[in-house]
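Read off the chains here:
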Amino acid sequence: MKKRLLFIAVLACSFTSQAQVTFTPGIRAGANISTISNTDGSSKTGFYIGAVGALKLAKFYTLQPEISYSSQGAKDISLYNYDNSYNGYIEKKDINLDYVSITLMNKFNFQQLFLQVGPSIDVLVSSSKYIANDIDIATNIGLGIDLTKNFTIEARFKMGMIGL
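Reading guide: rules and limits
- Residues numbered from 1 in each chain as written.
- Predicted model: local features only at pLDDT ≥ 70, side-chain atom pairs only at ≥ 80, totals over all residues.
- Heavy atoms only, no water.
- Pairing = 2+ DSSP bridges.
- Helix = DSSP H or I, 4+ residues; strand = E, 2+ residues; numbered from the N terminus.
- Salt bridge = Lys/Arg side-chain N within 4 Å of Asp/Glu carboxyl O.
- Buried < 20%, exposed > 50% of the residue type's maximum accessible area, 1.4 Å probe, protein only.
- Axes fitted to C-alpha atoms, helices over the stretch in contact; angles between N-to-C directions.

Participant: Sorry, what's going on with the pairing of strand E3 (residues 61-82) here?
Facilitator: Every other side chain in a regular strand lies on the same face of the sheet, so the side chains alternate between the two faces. In the sheet, strand E2 (residues 42-56) pairs with E3 via nine bridges, with the strands oriented antiparallel. Of the residues in E3, the one forming a bridge with Ser43 is Ala74. Between E2 and E3, which pair antiparallel in sequence order, lie four residues. In terms of strand pairing, E3 meets strand E4 (residues 88-110) through 20 bridges, oriented antiparallel. Paired with Leu79 across the two strands is Glu91, which belongs to E4.

Participant: Would you explain the pattern of salt bridges in this entry?
Facilitator: Working definition: two side chains of opposite charge can pair if their charged atoms are close together. According to the stated counting rule, one finds six salt bridges in the structure shown. The residue Arg156 makes a salt bridge to Glu66 at a minimum N-O spacing of 2.6 Å. With Arg156 in strand E7 (residues 152-163) and Glu66 in strand E3, this pair connects stretches of sequence that are 90 residues apart. With a closest N to O distance of 3.0 Å, Arg156 and Glu154 form a salt bridge. The class for Arg156 is partly exposed, based on a relative accessible area of 26%. Looking at Glu154, the relative accessible area reads 26%, which means it is partly exposed.

Participant: So what exactly am I meant to see when it comes to the sheet that holds strand E1 (residues 22-34) here?
Facilitator: In a beta sheet, neighbouring strands are held together by backbone hydrogen bonds and run either parallel or antiparallel to one another. Overall, antiparallel pairing links the seven strands, which are arranged E1-E2-E3-E4-E5-E6-E7 in an open sheet. Looking at strand neighbours, the two that pair on one side only are E1 and E7, the edges of this open sheet. Shown here is a sheet whose adjacent strand axes are inclined to one another by a mean of 20 degrees, direction ignored. Sheet topology note: the strand E6 (residues 135-146)/E7 ladder contains eleven bridges and is antiparallel. If you follow Ala138 over to E7, its bridge partner there is Gly160.

Pasting the structure below:
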């Protein structure tokens, strides 16, 4: 029994000593296209910029924490307003929203291609009387390609799930 435990311990240590965990910091920036759910507005093009850290835990798996500033919103949303005589009318407005996003992506590597999936928490940093929730919890899924060791192109779909 003791020999089995010793064998398992030695085997486990040999596997952990072979693992080469690496951490690579970086920046991320790009364009995003956003809308606001349950409205008739059209999409708005914005941008994001932030910091990323890639914690490579295995040949095929990287844990990737991120923090970003993101400009989002929607265009031409119909809002019901009242004039001085309390007559109702509809006007179209653009809604601009600025968020700080904290994301934890799980990155699965297949040669140069990769698949990403993970949650994010977005905190509204601009004030908007049209948005009731200051915090949004979202799910992300994406695909990408490593063009070089330091340059990647990716596309993600992000959907807000719970507004707090």
